[in-house]
Amino acid sequence: MQQRLSQSVSHSDDTPLARCYALHAIPLLAYIRQYVPSREDAEDLVVEVFIAALEHKGASIFALSEREQLGWLRRVAYYKCVDRYRRLAHQSTVPLEDHVQNLFEEERLGPEQVTLRHEEQAWLRLGLSQLPEHYQTILRLRFANGLRCSEIGRLLKKSDGAIRVALSRALNTLREISRKQSEEQNDE
Amino acid sequence: MNDDETFTPETIEELIDQHTSSPSSQPTSPQASIIQELQTYYEADQRSAVRMWERLVQQTKLKASDNEIEKPTAGESIMQQMPDSIKNRNSEQENQESLGQMGASSTPMPRRISRRTLVAGLGVGAAALGTAASYVFLTGHPQSSSQAGTAATATATPTTAPTATPKTIAPTGTEPAVRGKLGDILTTYKGQVKTVDARWSPDGSLIASASDDKTVHIWEAANGQEVFVYAKHTDQVNSVDWSPDGRWLASGGGAVLGNVGQRNYSIHVWNTSTGLARKLSGPKDYIHPIRWSPDGKYIAAASNDSKAYVWEAASGRLVRTYTGHTDAVTGLSWSPDSKRIVSCDSRTRVHIWSVATGQKILQYLGHGNNGLVLAIDWSPDGKRIASSAGGAATDAVVNVWNPTNGETLFVYQGHVNNSLGTISSGRSALSASLPFLPAHPASGSGIGVFAVAWSPDNTRIASGGNGLLQIWQPTAQTHSFTFPAIEGAPFIEGVAWSPSGAHLVEATDNHTVVWQSKA
C-alpha cells in the first residue's frame, strides 16, 4: 500500500532508490529534525544517509522490507546525528560581532527570524508525531499532495466519509495541542 | 473547545479549500491558523524532498563518474539506481499497470471533456449557454466512456520500443532543420492518440503532448522518437507546458467522474531530469489550459470552475485566484512581460487582468453575446491579442484586437465555411478570397476555432478549426496557407509554433503532426 501511494503522489520513478526515497525521505527528515532542528542541516544528513544506503554492500538494503529499510535508515541517521554533534564539539566559535556587518542582509535570514520560524513549527512537529500513523498519512496526502478526500479514500480503500472523519479528528487533535500550548505560554 | 472551532466531517473539505486558496492572508480563526500552518509545514517538506533528491542524484552521478575510472561495474551499479526518467523509460508498462490498479480500474471511467465537446453540445441543441446546460450534455454523452477506454487500451501497448541507451530528457538539442517545402510533414507521432495539446521545448528539439489517455508523451521533433511517457495523472491531461528553461513541465487536466457528476482535476509540475513531481491545488474542477509565465516564475491555469489560478512555480504556492469570470474559463495567455493575463470564458467574455493585484484591467466584448471564446494568444510583441470563437450561434472566427483599448482590428473568417461535412474531402470550402472582414457582430455558422497561436516573429498566426490548420498574416491581412486535413482527425485541439517559427505542431484526435511552416 505504502509503495503504491508513493508511486502515485511523488518521487515517482520505479527504481529501488527512487522507491526507497519516496517511501522514507520525508519520515527520515522528520526523525532527524528531532535531533537537528535546522532544516538545512537535516537535509544534508538525509542525503548522506541515502548515499550510505547506496554504498552499503552493493545497495543491498533496497532488497529489505519497507519496515527493515526504515529501521536501517533510522539507525544510520542516528549515528550521523551523533557524528554531527561530535564535529560541532570540535569546531571553534567565532564572535558574531566580527562578521555582523556582512551577515543577514535580508532580515528574514537572520538568526532571530529563523529561530522564530523554527519555534512556530516545533509544536506542529510535536503534534504530528503524536498522531496515529494513518492520521499522519491522511494529512500528508491532503496537504502535501493536494488529494481530495475521495481520492485519498480510493487510495486507502476507505470511504469518503471515513476519510473526512479521520481528517476532522486529526485536525481537532492538533487544534487541542495548539490550544494547550498557548495556555502554557500564557501561564508562563 | 468551542463548537465553532471544531472541524466537522461535513465541512472539512470546504474549510480546507477556503483557507488554502488565499494563503497569503492572515488567518482569521483557529481553524484557519491550523490549516495554513499545516500547508506551510508540508510545503516546506516537499521542497526539502525535491532539494535532497536533486543533490542525491547529483552526488550519485559524481560518484558514478569517479568509479567508472577505477571500477566500471560499481559505477554502473549506482547508475542503475537512478530514476527511470534519467535512464529513459524501461518500465513504462509497469508504471501504467500500477496506475491502473490504483485508480482507473477501481473507479468509474472518467467521462471525456473537451472544448470541442462543449461546443458540439451547444451545437446539438443546448438552448442556453449557461453552465447548467453544458454540464447536462457533458455528463450524459453516450460515447464518452468508450472513447476514453479506447485511448487507455491504445497506450497500454506502446508502438515505440524503449530505447536501450539511457539519456536525459532535459532538452539540450536543437530544432530540426528546415527541409522540404511549406506544408510538408516533418514528423508524424502515432505513439499517442486523442492528443489535446502539444508544446515545443524551448530549444525546439522535443515536443511534449498531452492526451485524454492520462499521459504526457515527450518525443523528438525531428523523428518522432519517443523519449519519455509521464503516466502519473489520474485523469485525462488537457494541457501541458514547458518552463522557459526547459527543466520543468506543468501538465494538468481533469474529468467528471461517474454518474454523480463529481468533478476532478490534477495538476502536476515535474522535473524533466529527475521525474520528481509535485501537485498543485486550488481549482474545484478540471483545467484547460495551463501556461508557464514567460519569466518562468509563475504557472497559470484556467478552470471550468469559472476561475483562473496562478501559482508560484518554485514553491507551488497558489498566489492568485482570478474570480472575474462568471462561467467556465476556456483559455488564457500571458503578456510578454509576465505581469498580465488575458483569459476568456464560455460567455464570450475576455478579460485582461493584473497578476499582482487580481484586478480586471480591461474587458473585451468583440465576440458578441453568443457562443464561446475557445482559445486566446497574446502576440510575442505584446501589441495584439488573437482570440477565437465558436458555438452554435457564433461564427468560427478569430478576432485580432488591441490589448490597450479593446478595439477590434479585424476578424479572420477563414474557418467559417469549413464545416465538418467537408473535412473528409481534404482542403475544402476555404474562403480564401476574402477571409478578412471589418469588425462586425458574428452571425452564426461553423463550429469553432479551437486553437490559435502567434508565430514567434509576430508576422503570422496559425489557427485550427474543424480539421483544417491555416496560417495567415495579421499585418497584411492575407491568408497564407491551408494545411492538408489529417485523416480521421475532425478536430484540431492544439497548435504551437516552434521557437524559430519554421515548424508547427498540430495536436488532433488521431495523432500529432509536425509541419514545415516555412517555404
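Residues numbered from 1 in each chain as written. Chains lettered and ligands numbered in written order. Predicted model: local features only at pLDDT ≥ 70, side-chain atom pairs only at ≥ 80, totals over all residues. Heavy atoms only, no water.

**Q** Tell me what's going on with the nonpolar core, and back it up with residues and numbers.
**A** Counting 35 residues, the largest nonpolar core has Ile32(A), Phe50(A) and Leu73(A) as the members making the most contacts within it. Elements with a contribution of two residues or more to this core: helix 2 (16-33), helix 3 (39-55) and helix 4 (66-90) of chain A together with helix 2 (30-70) of chain B. The contact partners of Leu73(A), leaving out residues within four places of it in the chain, are Cys20(A), His24(A), Leu28(A), Val49(A), Phe50(A), Ala53(A) and Ile61(A). Of all hydrophobic cores here, the second largest spans 31 residues; its members include Ile138(A), Cys149(A), Leu171(A) and Ile16(B). (Core = buried A, V, L, I, M, F, W, Y, C linked by side-chain atoms within 4.5 Å. Buried < 20%, exposed > 50% of the residue type's maximum accessible area, 1.4 Å probe, protein only. Helix = DSSP H or I, 4+ residues; strand = E, 2+ residues; numbered from the N terminus. Contact = heavy atoms within 4.5 Å.)

**Q** Any details on the packing of aromatic side chains? Residues and values, ideally.
**A** Throughout the structure, instances matching the rule amount to 18 aromatic pairs over all chains. Relative to Tyr79(A), the ring of Tyr78(A) lies with its centre 5.6 Å away and its plane at 70 degrees, an arrangement referred to as edge-to-face. Ring centres of Tyr230(B) and Trp270(B) lie 4.1 Å apart, and the angle between their planes is 5 degrees; this geometry places the pair in the stacked category. Here Trp270(B) lies in strand 8 (residues 262-271) and Tyr230(B) lies in strand 5 (residues 226-230), a separation of 40 residues in the sequence. Taking relative accessible area as the criterion, Tyr230(B) reaches 2% and is therefore assigned buried. (Phe/Tyr/Trp six-rings, centres within 6.5 Å; stacked < 30°, edge-to-face > 60°.)

**Q** Would you mind going over the pattern of salt bridges in detail, with residue names and values included?
**A** Across all of its chains, the model carries 19 salt bridges over all chains by this definition. Arg164(A) is paired through a salt bridge with Glu13(B); the nearest N and O atoms lie 4.0 Å apart. With Arg164(A) in helix 8 (residues 160-187) and Glu13(B) in helix 1 (residues 12-20), the pair connects residues from two separate chains. Arg164(A) gets classed as buried once you look at its relative accessible area, which sits at 16%. The partner of Arg291(B) in a salt bridge is Asp197(B), with the nearest N and O atoms 3.2 Å apart. Highlighted residues: Arg291(B) in strand 10 (residues 287-292) and Asp197(B) in strand 2 (residues 195-200), separated in sequence by 94 residues. Taking the relative accessible area as the measure of exposure, Arg291(B) reaches 14% and is therefore buried. Taken together, the shared-partner salt bridges connect Arg142(A), Arg148(A), Asp160(A), Arg164(A), Glu13(B) and Asp17(B) into one network. (Salt bridge = Lys/Arg side-chain N within 4 Å of Asp/Glu carboxyl O.)

**Q** Any chance you could break down helix 2 of chain A for me, citing the residues and the numbers?
**A** Residue and element names in this part refer to chain A. Spanning 18 residues, helix 2 covers 25 Å between terminal C-alpha atoms, matching the ideal 26 Å at 1.5 Å per step. Along its length, helix 2 shows its largest kink, about 45 degrees, at His 24, and proline Pro 27 lies within four residues downstream of that point. Burial analysis of helix 2 places 14 of its 18 residues in the buried class, which makes it a mostly covered element. (Expected span 1.5 Å × (residues − 1). Bend = angle between axes of the 7 residues up to and from the residue.)

**Q** Explain the packing of helix 2 of chain A against helix 3 of chain A to me, and be specific about the residues and the numbers.
**A** All names here are of chain A. Look at helix 2 against helix 3: their axes get within 10 Å of each other, and the N-to-C directions meet at 140 degrees. Accordingly, the angle class assigned to the pair helix 2 and helix 3 is oblique. As for how helix 2 packs across helix 3, the hand of that crossing is right-handed. Of the residues in helix 3, those in contact with Leu 17, Cys 20, Tyr 21, His 24, Ala 25, Leu 28, Leu 29, Ile 32 and Arg 33 of helix 2 are Arg 39, Ala 42, Glu 43, Leu 45, Val 46, Val 49, Phe 50 and Leu 54. Grouping the amino acids of the contact of helix 2 with helix 3 by side-chain chemistry returns 13 nonpolar, one polar and three charged. (Axes fitted to C-alpha atoms, helices over the stretch in contact; angles between N-to-C directions. Parallel < 35°, antiparallel > 145°, perpendicular 65-115°, else oblique. Left-handed = near helix turned anticlockwise from the far one by under 90°. Nonpolar A, V, L, I, M, F, W, Y, C, P; charged D, E, K, R; others polar.)

**Q** How would you summarise the sheet that holds strand 29 (residues 512-516) of chain B if you had to cite specific residues and measurements?
**A** Each strand in a sheet pairs with its neighbour through backbone hydrogen bonds, running either in the same direction (parallel) or in the opposite one (antiparallel). Residues and elements named next belong to chain B. Taken together, the four strands give an open sheet; going across it, the order is 1-29-28-27, and neighbouring strands pair in antiparallel fashion. The open sheet is flanked by strand 1 (185-189) and strand 27 (492-497), the only strands paired with a single partner. Within this sheet the neighbouring strands show an average axis-to-axis angle of 15 degrees, counted without direction. As paired elements, strand 1 and strand 29 share four bridges and run antiparallel to each other. The partner of Thr 187 across the bridge, within strand 29, is Val 514. (Pairing = 2+ DSSP bridges.)

**Q** Run through the pairing of strand 20 (residues 398-401) of chain B, naming residues and quoting values.
**A** Residue and element names in this part refer to chain B. Residues Val 398 and Val 400 point to one face of strand 20 and Asn 399 and Trp 401 to the other, with burial holding for every one of them. When strand 19 (residues 385-390) meets strand 20, the two strands line up antiparallel, connected through four bridges. Bridge pairing in strand 20 links Ser 387 to Asn 399. Connecting strand 20 to the next strand, strand 21 (residues 408-412), in antiparallel fashion are six residues, including Gly 406 with a positive phi near 75 degrees.

**Q** Now, about the side chain of Arg142(A): what can you tell me, with residues and values included?
**A** Along the chain, the position of Arg142(A) falls in helix 6 (residues 133-144). Given a relative accessible area of 6%, Arg142(A) falls into the buried group. At 3.0 Å, the side chain of Arg142(A) forms a polar contact with the side chain of Asp17(B). Residues within four places of Arg142(A) in sequence aside, it is in contact with Leu147(A), Arg148(A), Ile152(A), Leu167(A), Glu13(B), Ile16(B) and Asp17(B). (Polar contact = N/O pair within 3.5 Å; in protein donor to acceptor, adjacent residues only side chain to side chain.)

**Q** Please set out the sheet that holds strand 5 of chain B residue by residue, giving values where relevant.
**A** Residues and elements named next belong to chain B. Read from one edge to the other, the open sheet built from four strands follows the order 2-3-4-5, with strand pairing classed as antiparallel. Bordering the open sheet on either side are strand 2 and strand 5, each of which pairs with just one other strand. Taking the axes of each pair of neighbouring strands and ignoring which way they run, one obtains an average angle of 20 degrees across the sheet. With five bridges joining them, strand 2 and strand 3 (residues 206-211) adopt antiparallel strand pairing.

**Q** Tell me about the layout of surface pockets, and name the residues and values.
**A** Residues and elements named next belong to chain B. Taken as a whole, the second largest pocket spans an internal volume of roughly 1,000 Å³. Along the walls of the second largest pocket sit 45 residues, with Arg 199, Asp 241, Arg 291, Trp 292 and Asp 377 positioned nearest its centre. Of all the secondary structure elements, the ones that give two or more residues to the lining of the second largest pocket are strand 2, strand 6 (237-242), strand 10, strand 14 (329-334), strand 18 (372-378), strand 23 (451-454) and strand 27. For the lining of the second largest pocket, the class distribution of residues is 26 nonpolar, 12 polar and seven charged. (1 Å grid on protein atoms, 1.4 Å probe; cavity = no way out; pocket = protein on both sides within 12 Å on 5 of 7 lines; lining within 4 Å. Points joined across faces, edges and corners; volume = space filled by probe spheres on them.)

**Q** Can you break down helix 6 of chain A residue by residue, with the values?
**A** All names here are of chain A. Over its 12 residues, helix 6 runs 15 Å from end to end, which matches the ideal 16 Å to within 8%, given 1.5 Å per residue. Among the residues of helix 6, those classed as buried are Tyr 135, Thr 137, Ile 138, Leu 139, Leu 141, Arg 142, Phe 143 and Ala 144. A positive backbone phi angle near 70 degrees is found at Gly 146, which sits one or two residues after helix 6.

**Q** So what's going on with the environment of Asp160(A)? Residues and values would help.
**A** Residue and element names in this part refer to chain A. With respect to the helices, strands and loops of the structure, Asp 160 is situated in helix 8. Taking the C-alpha atoms as reference points, Asp 160 and Cys 149, separated by 11 residues in sequence, lie 5.7 Å from one another. In this view, Asp 160 contacts Cys 149 and Ser 150; residues no more than four positions away in its chain are not counted.

**Q** I'd like a description of unusual backbone geometry, backed by residues and values.
**A** Residue and element names in this part refer to chain B. Geometrically, the link from His 288 to Pro 289 is a cis peptide bond, its omega value of -5 degrees lying close to zero. Positionally, Pro 289 belongs in strand 10. Of note in the backbone geometry, Ser 306 takes a positive phi value of approximately 75 degrees without being a glycine. You can call Ser 306 buried: its relative accessible area is 14%. Residue Gln 477 is not a glycine yet carries a positive backbone phi of 55 degrees. Along the chain, Gln 477 falls in the loop between strand 25 (468-473) and strand 26 (478-482). Among the residues examined, Gln 477 registers a relative accessible area of 33% and is labelled partly exposed.

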